[in-house]
Amino acid sequence: MTDPSLSATTGPAAGERTAPEPASSGPLAGLRVLDLATLFAGPLAATLLGDYGAEVIKVEHPHRPDPSRGHGPAKNGIGLWWKLLGRNKKTLTLDLSHPEGRDVLLRLAAGADVVIENFRPGTLERWGLGWDELSAANPRLVLARVTGFGQFGPYARRPGFGTLAEAMSGFAAITGEPDGPPTLPPFGLADAIAAMATSYAVMAALHGRAATGFGQVIDLALIEPMLTVLGPQPLWYDQLGHVQPRTGNRSANVAPRNTYRTADGSWVAVSASAESVAERVMRLVGRPEVIDEPWFATGAGRARHADELDTAVADWIARRDRAEVMAAFEKAEAAVAPIYDIREVMADPQYQALGSITEVPDDELGPLRMQNVLFRLSETPGAIRWAGRPHGADTDEVLAALGLTGPEIDGLRAAGAL
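Described below are features of the structure shown in this document.

Pairing in this open sheet of six strands is parallel, and the strands run S5-S2-S1-S6-S7-S8 from one edge to the other. Where the open sheet ends on each side, the last strands, each with one partner, are strand S5 (89-93) and strand S8 (217-221). Ignoring which end each strand starts from, the neighbouring axes of this sheet average 20 degrees apart. Note that strand S1 (residues 32-35) and strand S2 (residues 55-60) share four bridges and pair parallel. Counted as the bridge partner of Arg 32 is Glu 55 from S2.

Next up, the structure:
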């Protein structure tokens, strides 16, 4: 396997590079993506494609940049979230509602492979940039449309965000303590899942194009990938009328499965989805007799006796510090993990061995540590070539490559199209 240190560039010292490096030799090298989307799902999908070599051009409004630039903590007035979300992207300002901005976008689309957008349905059409116009400019184009509720149906025109998908998919209803309220995640879970689904959909559409010679439209609603990852709940309800309740950190399907506090005030998570692992756990904590109970042979049976199993595991763990618990579980080949905050993630030797967190040079802030590319490829690895760049930093470069002259670019800027 390729050394994980190769999955991100080391590059020159901060301040030496004035423009993005050339496209990488990753597996998607030669693919051009126009990222018209804002906030998270659509832009993150473009990031994932850029991580593996696609040339991604981020198109932002001249006066209203992607709001993610202002989300979360900032350093020296520069949003850090954007450094992650905007990595490997060239940044272009363009007012798509301006007639001249529309014309520039169609010229860009003529030479692109993929356009990713997340405007409300009908917005691109109102600007004269709908599928009819885009496909006329480039019949091989793939248009990924990422919205809250899809392109049709009674909710299609509603504003949609990941939080609404987490609520409507059934996720919040089963998350939290049994006697507590439905619980939402403290991060963009639905957006991230939709982003991975979108990048998968793009690759499926491109593979289809290889056979047909033509592009197509991807209609992805945030509420659907989130529903998919919740597993067999629709099937359970359809066939049995079963509605999964909130169970806290327990599983309704197996036991023991929970979080447990150690003697030194730390926390660990134990999962015993397989019967063999459950047996090892119960032997370790001094309750081997339960293994012979008829109900122990199935996950559902163990879940019905979660109180008894949890008490045994919790009592055993509570008398030992985390290091001792981890060592004992590892020796017993039982499944356990420490519950980390981000400080421990950054220091963990397994993450370090994988290169999961990597250092990226940045002209504005110097070296930055962030998540590495999503997976390792042995022959054509992905790479982080640069972190998110300033608003509009590559406008002139991108338009010059399109064939526009300096006076023409100045004219577009004066007209308010850039």
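Assignment of secondary structure puts Asp 362 in the loop between strand S12 (357-360) and strand S13 (368-371). On the basis of relative accessibility, which here comes to 5%, the residue Asp 362 falls in the buried class. Among the polar contacts listed, one links the side chain of Asp 362 to the side chain of Lys 83, at a separation of 2.9 Å. Polar side-chain contacts of Asp 362 include one of 2.8 Å to the backbone nitrogen of Leu 365.

This next bit is on the layout of surface pockets. In this structure, the largest pocket encloses a volume near 1,500 Å³. Secondary-structure elements contributing two or more residues to the lining of the largest pocket are helix H1 (41-51), helix H2 (80-85), helix H7 (189-212), helix H14 (342-347), helix H15 (349-354) and S13. When the residues that make up the lining of the largest pocket are grouped by side-chain class, the tally is 25 nonpolar, nine polar and six charged. A volume near 850 Å³ is recorded for the second largest pocket. Surrounding the second largest pocket, 43 residues form its lining, Ala 37, Thr 38, Leu 39, Asn 118 and Phe 161 being those nearest its centre.

The next subject is the sheet that holds strand S10 (residues 267-271). The three strands lie next to each other as S9-S10-S11, forming an open sheet whose pairing is antiparallel. Two strands bound the open sheet, and with one partner strand each, they are strand S9 (257-261) and strand S11 (336-338). Averaged over all adjacent pairs, the angle separating strand axes in this sheet is 25 degrees, with direction ignored. In terms of strand pairing, S10 meets S11 through three bridges, oriented antiparallel. Its bridge partner being in S11, Val 270 is matched across the sheet by Val 336.

Once that is clear, we can look at the pairing of S5. Judged by how many residues are buried, S5 sits mostly within the fold: five of five residues are covered. Here S5 shows no split at all, with Lys 89, Thr 91 and Thr 93 on one side and Lys 90 and Leu 92 on the other all buried. Sheet analysis places S2 next to S5, joined by five bridges and oriented parallel. Its bridge partner being in S5, Val 56 is matched across the sheet by Lys 89.

Right, let's get into helix H10 (residues 275-284). Within H10 the residues assigned to the buried category are Val 277, Ala 278, Glu 279, Val 281 and Met 282. Elements that come into contact with the buried residues of H10 comprise S10, helix H11 (299-304), helix H12 (306-318) and helix H13 (322-332). Immediately downstream of H10, the backbone of Gly 286 shows phi near 85 degrees, a positive value.

Our next topic: the nonpolar core. With 42 residues, the main nonpolar core has Val 33, Leu 49, Ala 54, Val 114, Ile 116, Val 202 and Ile 218 as its most contacted residues. For this core, the elements supplying multiple residues, two or more each, are H1, strand S6 (114-117), strand S7 (142-147), H7, S8 and S13. Beyond its immediate sequence surroundings of up to four residues, Val 202 is in contact with Leu 49, Val 114, Ala 144 and Ile 218. By size, the runner-up hydrophobic cluster in this structure holds 27 residues, among which are Leu 92, Leu 402, Ile 409 and Leu 412.

Within the fold, His 391 resides in the loop between S13 and helix H16 (395-401). Spatially, the C-alpha atoms of His 391 and Leu 134 are 25 Å apart, while their sequence positions differ by 257 residues. Apart from residues lying up to four places away in sequence, His 391 is in contact with Glu 60, His 61, Pro 62, Pro 65, Arg 69, Thr 91 and Thr 93.

With that out of the way, let us pick up the pattern of salt bridges. Here the structure, examined in full by the defined rule, presents 24 salt bridges. Among the salt bridges present, the one from Asp 310 reaches Arg 250, with a minimum N-O distance of 2.6 Å. In this pair, Asp 310 is assigned in helix H12 and Arg 250 in the loop between helix H9 (233-240) and S9, connecting sequence segments 60 residues apart. For Arg 250, a relative accessible area of 27% translates into the label partly exposed. For Arg 287, the salt bridge identified is with Glu 289, shortest N-O distance 2.4 Å. Residues joined in a network through salt bridges with shared partners are Arg 32, Glu 55, Lys 90 and Glu 397.

This paragraph deals with the pairing of S7. The buried fraction of S7 amounts to six of the six residues, a majority that puts the element mostly inside the structure. Where burial is concerned, the two faces of S7 agree: the one with Val 142, Ala 144 and Val 146 and the one with Leu 143, Arg 145 and Thr 147 are both buried. As judged from the five bridges shared by S7 and S8, these two strands associate in the parallel manner. Paired with Thr 147 across the strands is Ala 221, a residue of S8.

The rules behind these values
- Residues numbered from 1 in each chain as written.
- Predicted model: local features only at pLDDT ≥ 70, side-chain atom pairs only at ≥ 80, totals over all residues.
- Heavy atoms only, no water.
- Pairing = 2+ DSSP bridges.
- Helix = DSSP H or I, 4+ residues; strand = E, 2+ residues; numbered from the N terminus.
- Axes fitted to C-alpha atoms, helices over the stretch in contact; angles between N-to-C directions.
- Buried < 20%, exposed > 50% of the residue type's maximum accessible area, 1.4 Å probe, protein only.
- Polar contact = N/O pair within 3.5 Å; in protein donor to acceptor, adjacent residues only side chain to side chain.
- 1 Å grid on protein atoms, 1.4 Å probe; cavity = no way out; pocket = protein on both sides within 12 Å on 5 of 7 lines; lining within 4 Å.
- Points joined across faces, edges and corners; volume = space filled by probe spheres on them.
- Nonpolar A, V, L, I, M, F, W, Y, C, P; charged D, E, K, R; others polar.
- Contact = heavy atoms within 4.5 Å.
- Core = buried A, V, L, I, M, F, W, Y, C linked by side-chain atoms within 4.5 Å.
- Salt bridge = Lys/Arg side-chain N within 4 Å of Asp/Glu carboxyl O.

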